[in-house]
Amino acid sequence: MKTTLREIVFDTETTGLSPDGGDRLVEIGAIELVNHIPTGRTYHQYINPERSVPEEVVAVHGLTEEFLKDYPVFSEVAAAFVEFVGEDGILVAHNASFDIKFINFELKKIGYAEYEWNRVVDTLEIARKKFPGAKNNLDALCKRFNVDNSRRTKHGALLDAELLADVYLELLGGAEPSMLLTPEDDAKTTTESGVMFAAERKVRPLRVFAVSEAEEAEHLEFLKSRLKNALWLAEPENETTAK
């Protein structure tokens, strides 16, 4: 039986570093992968944090209090986000502990179940294990894997989620892995965060070249002149004497 894997690659923008200290979400962006392939389904939402946005934070993502004030608060969009993730969605984020901390804080505040860590893949954790000592922020990984991040003049949740999806597939070993697992699969791999995938085997199609009788005879003559007593040039044995 084939297994389908849904992953939600997502990113958040906030007013600061700590929800316990009063900081709030201001943007969520997410894209859906099925068997590591983008489906085209996305979720994107600006959120009114009901508080000021520090200037130093605005410098990072460009989202001001004035811009955000007419957008819904989190409680008004939570259901849509939870529905997008679904009961089977694996959450993929870069420095996931930060994003999950804010998501769970907001979910708990309005009575929703929090996301367990066993449903989370942290791409920063994977990158640090693959490239210890190297820069592993999103821009550095885009550069490492030749992912075009030229549109990233400021942090933006949906754009960052799209870039992260490309980086994530590269961290897993390439851009076209398959999650169609069957009992017959013999090339399964487990990532550092415990997600299993099977790399798709690429097989070149058989190419057939038409050879004329004259070309075949010329080739055979060439082999006889260069290779002495070649087994494949020997005359076949008579069926009555062959053993």
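Residues numbered from 1 in each chain as written. Predicted model: local features only at pLDDT ≥ 70, side-chain atom pairs only at ≥ 80, totals over all residues. Heavy atoms only, no water.

### Regarding the overall build of the protein chain
Item 1. Scanning the protein chain for helices and strands turns up 8 helices and 7 strands.
Item 2. The proportion of buried residues among the 243 residues of the protein chain is 42%.
Item 3. A fraction of 63% describes how many contacts in the protein chain between residues 6 or more apart in sequence connect residues 24 or more apart.
Item 4. Taken as a whole, the protein chain presents about 15100 Å² of accessible surface, with 51% of it coming from carbon and sulfur. (Helix = DSSP H or I, 4+ residues; strand = E, 2+ residues; numbered from the N terminus. Buried < 20%, exposed > 50% of the residue type's maximum accessible area, 1.4 Å probe, protein only. Contact = heavy atoms within 4.5 Å. Areas by Shrake-Rupley, 256 points an atom, 1.4 Å probe, with all protein chains shown as cover.)

### Considerations on the pattern of salt bridges
Item 1. As enumerated under the stated definition, the model contains 11 salt bridges in all.
Item 2. The partner of Lys 109 in a salt bridge is Glu 106, and the shortest N-O contact between them spans 3.4 Å. Linking Lys 109 with Glu 106, this pair stays in helix H4 (residues 96-109), spanning 3 residues, or about one helical turn.
Item 3. The class of Glu 106 is buried, set by a relative accessible area of 4%.
Item 4. We note a salt bridge from Arg 152 to Asp 139, for which the minimum N-O separation is 3.0 Å. Of this pair, Arg 152 sits in the loop between helix H6 (138-144) and helix H7 (157-171) while Asp 139 sits in helix H6, and the two are 13 residues apart along the sequence.
Item 5. For Arg 152, a relative accessible area of 15% corresponds to the buried category. (Salt bridge = Lys/Arg side-chain N within 4 Å of Asp/Glu carboxyl O.)

### Details of the sheet that holds strand E4 (residues 90-93)
The strands making up a sheet are joined through hydrogen bonds of the backbone, oriented either antiparallel or parallel.
Item 1. Across the sheet, which stays open at both edges, the 5 strands sit in the order E3-E2-E1-E4-E5 with mixed pairing between neighbours. Bordering the open sheet on either side are strand E3 (37-46) and strand E5 (120-122), each of which pairs with just one other strand. Neighbour-to-neighbour, the strand axes of the sheet open up by a mean angle of 25 degrees, direction not taken into account.
Item 2. The pairing of strand E1 (residues 6-14) with strand E2 (residues 25-34) spans 9 bridges and is antiparallel. (Pairing = 2+ DSSP bridges. Axes fitted to C-alpha atoms, helices over the stretch in contact; angles between N-to-C directions.)

### Let's talk about the side chain of Arg 24
Item 1. Mapped onto the elements, Arg 24 comes out in the loop between E1 and E2.
Item 2. Polar side-chain contacts of Arg 24 include one of 3.1 Å to the backbone oxygen of Pro 19.
Item 3. Those residues in contact with Arg 24 that lie beyond four places of it in its chain are Glu 13, Thr 14, Thr 15, Pro 19, Pro 49, Arg 51, Phe 102, Phe 105, Glu 106 and Lys 109. (Polar contact = N/O pair within 3.5 Å; in protein donor to acceptor, adjacent residues only side chain to side chain.)

### Some thoughts on H7
Item 1. An ideal rise of 1.5 Å per residue puts 21 Å on 15 residues; H7 measures up with 20 Å between its terminal C-alpha atoms.
Item 2. Across the 15 residues of H7, 11 count as buried, placing the element largely inside the fold.
Item 3. Along H7, the residues classified as buried are Ala 157, Leu 159, Asp 160, Ala 161, Leu 163, Leu 164, Ala 165, Val 167, Tyr 168, Leu 169 and Leu 171.
Item 4. Buried residues along H7 sit in contact with E1, E2, E4, E5, helix H5 (123-130) and H6. (Expected span 1.5 Å × (residues − 1).)

### Remarks on the nonpolar core
Item 1. Counting 24 residues, the largest nonpolar core has Val 9, Phe 145, Val 167, Tyr 168 and Leu 171 as its most contacted members.
Item 2. The element that contributes the greatest number of residues to this core is H7, accounting for 8 residues.
Item 3. Excluding anything up to four places from it in sequence, Leu 171 contacts Thr 123, Ile 126, Ala 127, Lys 130, Phe 131 and Phe 145.
Item 4. Residues Phe 10, Leu 25, Phe 74 and Val 85 belong to the second largest nonpolar core, which totals 23 residues. (Core = buried A, V, L, I, M, F, W, Y, C linked by side-chain atoms within 4.5 Å.)

### Let's talk about the confidence of the model for the protein chain
Item 1. Across the protein chain, the average pLDDT comes to 83, with 74% of residues at or above 70.
Item 2. Considering only residues more than four positions removed or in separate chains, one finds that residues 236-243, a stretch of pLDDT under 50, has 1 contact. (pLDDT = per-residue confidence, 0-100.)

### What about unusual backbone geometry?
Item 1. One non-glycine residue, Asn 35, lies in positive phi territory at about 55 degrees.
Item 2. Residue Asn 35 is classed as buried on the basis of its relative accessible area of 10%.

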